[in-house]
Amino acid sequence: MTDQIIREQLSTAVAEAALGVSGVAFLRPGLSGLLRTAGRSGPSGVRIGRTDGADGRDGWTAEVFVVLRQGRRAVDVTRAVRAAVLRAVADSGVADPTAVTVGVTVTGFA
């Protein structure tokens with residue numbers, strides 16, 4: 001499987017997992033994400049990248065940008081998003097979940 005196919009499959013799995021978490025209103029990319037995704041299909045609010053591990057193992061980074069529902073504690077929702085994303089990666093079989101680093105950024109409340 002090529003990196004591009006893996007990136008697309010991970011991006012979709014990550015977006016679906018994050019949107020399924022209670023307290024997440026929607027995904028929202030930052031300005032650079034809006035500019036980067038112009039003319040490209042795929043979920044906004046998710047950025048997938050490659051990493052070179054110090055131990056020689058290549059991995060992936062998944063950055064998720066979420067807007068939370070009012071009245072939700074950011075720490076609780078971001079932990080739940082991270083856990084849901086790692087489960088989705090494991091279930092997808094696209095990448096080794098131990099080689100995926102997940103970052104969750106709260107960009108606002110709705």
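Residues numbered from 1 in each chain as written. Predicted model: local features only at pLDDT ≥ 70, side-chain atom pairs only at ≥ 80, totals over all residues. Heavy atoms only, no water.

Draft legend 1. Representation of the overall build of the protein. Within the protein, the regular secondary structure consists of 3 helices and 4 strands. Counted from the first residue to the last, the protein has its helices and strands arranged as α-β-α-β-β-α-β. Taken across its 110 residues, the protein has 36% of its residues classed as buried. Within the structure as shown, the protein displays about 6,200 Å² of accessible surface, and the carbon and sulfur contribution to it stands at 52%. (Helix = DSSP H or I, 4+ residues; strand = E, 2+ residues; numbered from the N terminus. Buried < 20%, exposed > 50% of the residue type's maximum accessible area, 1.4 Å probe, protein only. Areas by Shrake-Rupley, 256 points an atom, 1.4 Å probe, with all protein chains shown as cover.)

Draft legend 2. Highlighting the environment of V104. Inspection of the secondary structure puts V104 in strand 4 (residues 100–109). Judged by its relative accessible area of 23%, V104 is partly exposed. Residues V104 and V46, 58 residues apart in the sequence, show an inter-C-alpha distance of 9.5 Å. When residues no more than four places from it in sequence are discounted, the contact partners of V104 are V64, V66, T78, V81 and R82. (Contact = heavy atoms within 4.5 Å.)

Draft legend 3. Broad picture of the side chain of S11. Residue position: S11 is located in helix 1 (residues 3–19). Beyond its immediate sequence surroundings of up to four residues, S11 is in contact with P43, V46 and I48.

Draft legend 4. Highlighting the pairing of strand 3 (residues 58–68). The element strand 3 is extensively covered by neighbouring structure, given that 8 of its 11 residues are classed as buried. One ladder, built from 3 bridges, connects strand 1 (residues 24–27) with strand 3; its direction is antiparallel. From the neighbouring strand, F26 faces strand 3, where its bridge partner is V67. Two elements, strand 2 (residues 46–52) and strand 3, share 7 bridges in a ladder whose sense is antiparallel. Along strand 3, the bridge assignment pairs T51 with G59. Bridge count between strand 3 and strand 4: 9 bridges; the pairing is parallel. Opposite V67, over in strand 4, you have G108 as the bridge partner. The parallel pair strand 3 and strand 4, bridged by helix 3 (residues 74–92), forms a crossover whose chirality is right-handed. (Pairing = 2+ DSSP bridges. Right-handed = clockwise from strand over helix to strand, strands pointing away.)

Purely geometric numbers; function is a separate question.
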